[in-house]
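# Structural features, examined
What follows is the residue order along each chain.
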Amino acid sequence: MSEAADYLVKLYDLPDSEAIYRKLKEDGVSIQRAMALDRSKILRFIGDNFDASWVDETTLALSQQPLTCFLAIRNREVVGFACYDATSKGFFGPTGVKEDLRGQGIGTALLYRTLEAMREVGYGYAIIGWVTDAAEFYKKTVGATFIPNGGPENSVYSNMIDV
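Okay, so let's go over this structure.

We now examine the overall build of the protein. Counting secondary structure elements, the protein contains five helices and seven strands. Secondary structure elements in the protein, listed N-terminal to C-terminal, are β-α-β-α-α-β-β-β-α-β-α-β. Seen through its C-alpha atoms, the protein measures out along the principal axes to roughly 40 × 35 × 30 Å. Sorting the 163 residues of the protein into buried and exposed places 47% on the buried side. The long-range share in the protein, meaning contacts at least 24 apart out of those at least 6 apart in sequence, stands at 72%. As displayed, the protein has an accessible area near 9,000 Å², and 50% of this comes from carbon and sulfur atoms. With 17 positive and 22 negative side-chain charges, the protein shows a separation of 8 Å between the mean positions of the two kinds.

Set out below in structure tokens:
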């Protein structure tokens, strides 16, 4: 795993997302904004599949109005999620897709939809924080660029507490 760094995305220059949404719909996957009444199910999914800190961040995304969390749904079950304004204002993430469904475009669709929502509420840029192994994915998919001096010692993550 490489060292974590922050990346910047221009929201006014996002790629066209219609083809990926259409492909996923054909595969039985929809991308939709989370609903508050599903909060415990969403948090359970995240807790069962990802880092516990992502449960904390997503709890905030599910407490905002409008909710700042999107879900990938297949057969009425959550198979992926993406949030914004959870770590800090203007930040994309956390995000994740069930391990056995990765590589099918679900993460790309969640990324697009979440960044589009950020643009819709007035953001011009988004920060993707604490990027490690996915840097090439973000660069290729949405033109993300490395933020100089955006490593963990110089970002919002530098204030995380240790237990």
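The geometry of helix α4 (residues 106-120) relative to helix α5 (residues 135-142) is characterised by a closest axis approach of 11 Å and an angle of 60° between their N-to-C directions. The angle between α4 and α5 places the two elements in the oblique class. In terms of crossing hand, the pair formed by α4 and α5 is right-handed. In contact with Gly107, Thr108, Leu111, Tyr112 and Leu115 of α4, α5 contributes Phe137, Tyr138, Thr141 and Val142. Its residues assigned to classes, the contact of α4 with α5 comprises six nonpolar, three polar and no charged.

Mapped onto the elements of the fold, aspartate 6 is located in strand β1 (residues 5-10). Buried and without a salt bridge, aspartate 6 has lysine 139 as its closest oppositely charged side chain, separated by 14 Å. Among the polar contacts listed, one links the side chain of aspartate 6 to the backbone nitrogen of tryptophan 130, at a separation of 3.0 Å. What aspartate 6 contacts, discounting residues up to four positions off in sequence, is Phe91, Ile127, Ile128, Gly129, Trp130, Thr145, Phe146, Ile147, Gly150, Ser155 and Tyr157.

Rules of the game
Residues numbered from 1 in each chain as written. Predicted model: local features only at pLDDT ≥ 70, side-chain atom pairs only at ≥ 80, totals over all residues. Heavy atoms only, no water. Helix = DSSP H or I, 4+ residues; strand = E, 2+ residues; numbered from the N terminus. Buried < 20%, exposed > 50% of the residue type's maximum accessible area, 1.4 Å probe, protein only. Contact = heavy atoms within 4.5 Å. Areas by Shrake-Rupley, 256 points an atom, 1.4 Å probe, with all protein chains shown as cover. Lys, Arg positive; Asp, Glu negative; His and termini not counted. Charge placed at Lys NZ, Arg CZ, Asp CG, Glu CD. Axes fitted to C-alpha atoms, helices over the stretch in contact; angles between N-to-C directions. Parallel < 35°, antiparallel > 145°, perpendicular 65-115°, else oblique. Left-handed = near helix turned anticlockwise from the far one by under 90°. Nonpolar A, V, L, I, M, F, W, Y, C, P; charged D, E, K, R; others polar. Salt bridge = Lys/Arg side-chain N within 4 Å of Asp/Glu carboxyl O. Polar contact = N/O pair within 3.5 Å; in protein donor to acceptor, adjacent residues only side chain to side chain.

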